[in-house]
Amino acid sequence: MERRNAWLSYTEAEEKELEQVAKAYRNFLNVGKTERECVTQIIREARAAGYESLEEKTAKGEKLKAGDKVYTVGMKKIIVLFHIGQDDISEGMNILGAHIDSPRLDVKQNPLYEDTDLAYLDTHFYGGVKKYQWVTLPLAIHGVVVKKDGSTAEVNIGEDEDDPIVYITDLLIHLAGKQMEKKGSVVVEGENLDILVGSRPLAGEEKDAVKVNILRILKEKYQIEEEEDFLSAEIEVVPAGPARDCGLDRSMIAAYGQDDRVCAYTSLAAMLEMEETPKRTGCCLLVDKEEIGSVGATGMQSRFFENSVAELLDGMGCYSELALRRALRNSSMLSSDVSAGYDPAYGEAFEKKNAAYLGRGIVLNKFTGARGKSGSNDANAEYVARVRRIFDDHNVAFQTAELGKVDFGGGGTIAYIAALYGMEVIDSGVAVLSMHAPWEVTSKADVYEAYKAYKAFLLDA
């Protein structure tokens, strides 16, 4: 069944609200290019909306109750927000789950070197990338350096118009005959994704004078005292520059990191706008490490979410192992992650009847996985029907899709992990063109419809 383009149904008032959502979303992308930056911004917005730290509130001896809005953070890279509802939490929650990590280049622990009067930072790519897409772009450096004394130096270089950018070189076309014969997967190799950071030698230095000069600059401007401080650093290299309107009609957004910050932001915005005490507890879970398998202490496979719900129950004075298990089992979740938007330039990769299209609303993926649904969460029909009803009742434009043709590949989200608790889960999100590229494209209409969808879902009893 073909879905109508959402742009055709908007009133003037709706278009105005759409642009407001898009503007706020672009700002979120600009200030949150790493997981840590995202969490910092999320806390800032949550506190402005009346949320309190769960730990701070319980430390004061205040018992949590219906109407309270709290959040808790793990290692500054994963966060969950709760708006406690009227119903017993063991009857379940309405959960919006998304991830805030994105493909990028991570600076290695021993990264800085000099070769023929040029200084470089060695990198390791993070997540699924086409490596050739990352060369000859203006790049920025974001991250933190934690010193032995526990102090932290924050690094953000390349975003201000007066900042320098950094860069990855490529071989000129005149000498690239052999390179151009290689497969796309190896035309640029991972060990060649080194960041060019300097070429000016420090006067008076006989050995590695350019490298020494870079170390001097890092110390004077960014409080990185010694080269060994890289050992305890988390520094990410990302595309430089702000999110931009895309298209002569300004109908789209082009930016880095829209997978999956488009779903993270719209989930957060929906959560923060839920002012009245809901009947059913609302939850917004924004996780790290999805792009590399949801592993580690800040990924969905960790116990962070489960432990946070346990702390919530304890703060309400009703914790038990059974209450925790019931709260998780009886919950409903939208696992919100992007879907591959149909691109007519590469139409052979899609099955048109079951593809996601820009401008036709939020995308429901009953299942994800790859080749035979491997690694998939496959939502049950009853839950799909419930979600359809919610969206239709609130005039949310939505579509259904698969991630490409059956034999072409596929992908997954955090849905299958949440489903291990026995809760109802379905994948939902925004269609994206050029997913995992340094710059991705979304439709403002789809961003707006996702925001509407998440608001409707949170309030459904």
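For the structure, see preceding data.
Residues numbered from 1 in each chain as written. Predicted model: local features only at pLDDT ≥ 70, side-chain atom pairs only at ≥ 80, totals over all residues. Heavy atoms only, no water.

Novice: I tried to follow the side chain of E236 on my own but got confused; where do I start?
Specialist: Turning to its location among the elements, E236 is positioned in strand β10 (residues 233–239). Judged by relative accessible area, which is 7%, E236 ranks as buried. Among the polar contacts listed, one links the side chain of E236 to the side chain of R104, at a separation of 3.3 Å. (Helix = DSSP H or I, 4+ residues; strand = E, 2+ residues; numbered from the N terminus. Buried < 20%, exposed > 50% of the residue type's maximum accessible area, 1.4 Å probe, protein only. Polar contact = N/O pair within 3.5 Å; in protein donor to acceptor, adjacent residues only side chain to side chain.)

Novice: Can you walk me through the nonpolar core in this structure?
Specialist: Here is a general trend for soluble globular proteins: nonpolar side chains tend to be buried in one another's company. Ranked by internal contacts, the top residues of the largest apolar core, which has 60 residues, are L81, L334 and F391. The residues touching L81, leaving out its near neighbours within four places in the chain, are I42, A46, Y51, V70, Y71, L268, M271, L272, G282, C283 and C284. The next biggest cluster of nonpolar side chains, apart from the first, holds 33 residues, and it includes L193, L218, I235 and A240. (Core = buried A, V, L, I, M, F, W, Y, C linked by side-chain atoms within 4.5 Å. Contact = heavy atoms within 4.5 Å.)

Novice: Is there a simple way to explain the sheet that holds strand β22 (residues 440–443) in this structure?
Specialist: Hydrogen bonds between backbone atoms are what pair the strands of a sheet, whose relative direction is either parallel or antiparallel. The strand order across the open sheet formed by three strands is β11-β12-β22, and the pairing between neighbours is antiparallel. The sheet is open, and its two edges are formed by β11 (244–246) and β22, each paired on a single side. When strand polarity is set aside, the average angle formed by the axes of neighbouring strands in this sheet is 35 degrees. Pairing of strand β12 (residues 252–255) with β22 involves four bridges; the strand directions are antiparallel. Paired with I253 across the strands is T442, a residue of β22. In the packing of helix α1 (residues 12–31) onto the sheet, the strands contacted are β11, β12 and β22, and the crossing angle to β12 comes to about 5 degrees. Helix-sheet contacts for helix α6 (residues 258–272) involve β12 and β22, and the interaxial angle to β22 is about 30 degrees. (Pairing = 2+ DSSP bridges. Axes fitted to C-alpha atoms, helices over the stretch in contact; angles between N-to-C directions.)

Novice: Help me out: how do you make sense of the pairing of strand β20 (residues 424–429) in this one?
Specialist: For β20, a buried count of five out of six residues is recorded, marking the element as mostly surrounded by other parts of the structure. Here strand β14 (residues 332–336) pairs with β20 via five bridges, running parallel. Each residue of the ladder has a partner; that of M333, found in β20, is V425. Bridge count between strand β16 (residues 362–365) and β20: three bridges; the pairing is antiparallel. Paired with N365 across the bridge in β20 is D427.

Novice: Quick question: what am I supposed to make of the environment of D260 here?
Specialist: Summarising the element assignment, D260 is placed in helix α6. D260 sits in the buried class, given a relative accessible area of 0%. Along the chain, D260 and E291 lie 31 residues apart, while their C-alpha atoms are 9.5 Å from each other. Non-local contacts of D260, meaning those with residues more than four positions away in its chain, are made with A98, H99, D101, S102, S336, D337 and V338. Of note is the side chain of D260, whose polar atom sits 3.5 Å from the backbone nitrogen of V338.

Novice: Could you clarify how one ought to interpret the sheet that holds strand β9 (residues 195–198) in this entry?
Specialist: Spatially, β8-β7-β10-β5-β6-β9 is the arrangement adopted by the six strands of the open sheet, whose pairing is antiparallel. A strand with exactly one partner marks an edge of an open sheet, and here the two such strands are β8 (152–157) and β9. Neighbour to neighbour, the strand axes of the sheet diverge by 30 degrees on average, direction disregarded. Set on the sheet, helix α5 (residues 209–222) makes contact with β5 (104–115), β6 (118–126), β8 and β9; between it and β5 the angle comes to about 130 degrees.

Novice: Looking at this model, I keep getting lost on α1. Mind explaining?
Specialist: Since the α-helix turns once every 3.6 residues, residues separated by three or four places project in the same direction. Here α1 contains 20 residues, and its C-alpha end-to-end distance of 29 Å stays within 8% of the 28 Å for a straight helix at 1.5 Å per residue. Listing the buried residues of α1 in full gives L18, V21, A22, Y25, R26, F28 and L29. Down the axis, α1 shows its buried residues gathered within 155 degrees of arc, on one side only. Opposite the buried face of α1, by more than 90 degrees, sit the exposed residues E12, A13, K16 and K23. Where the residues of α1 are buried, they touch α2 (35–48), β11, β12, α6, β22 and α11 (444–459). (Expected span 1.5 Å × (residues − 1). Arc of directions from axis to C-beta.)

All we've got here are geometric facts, nothing functional implied.
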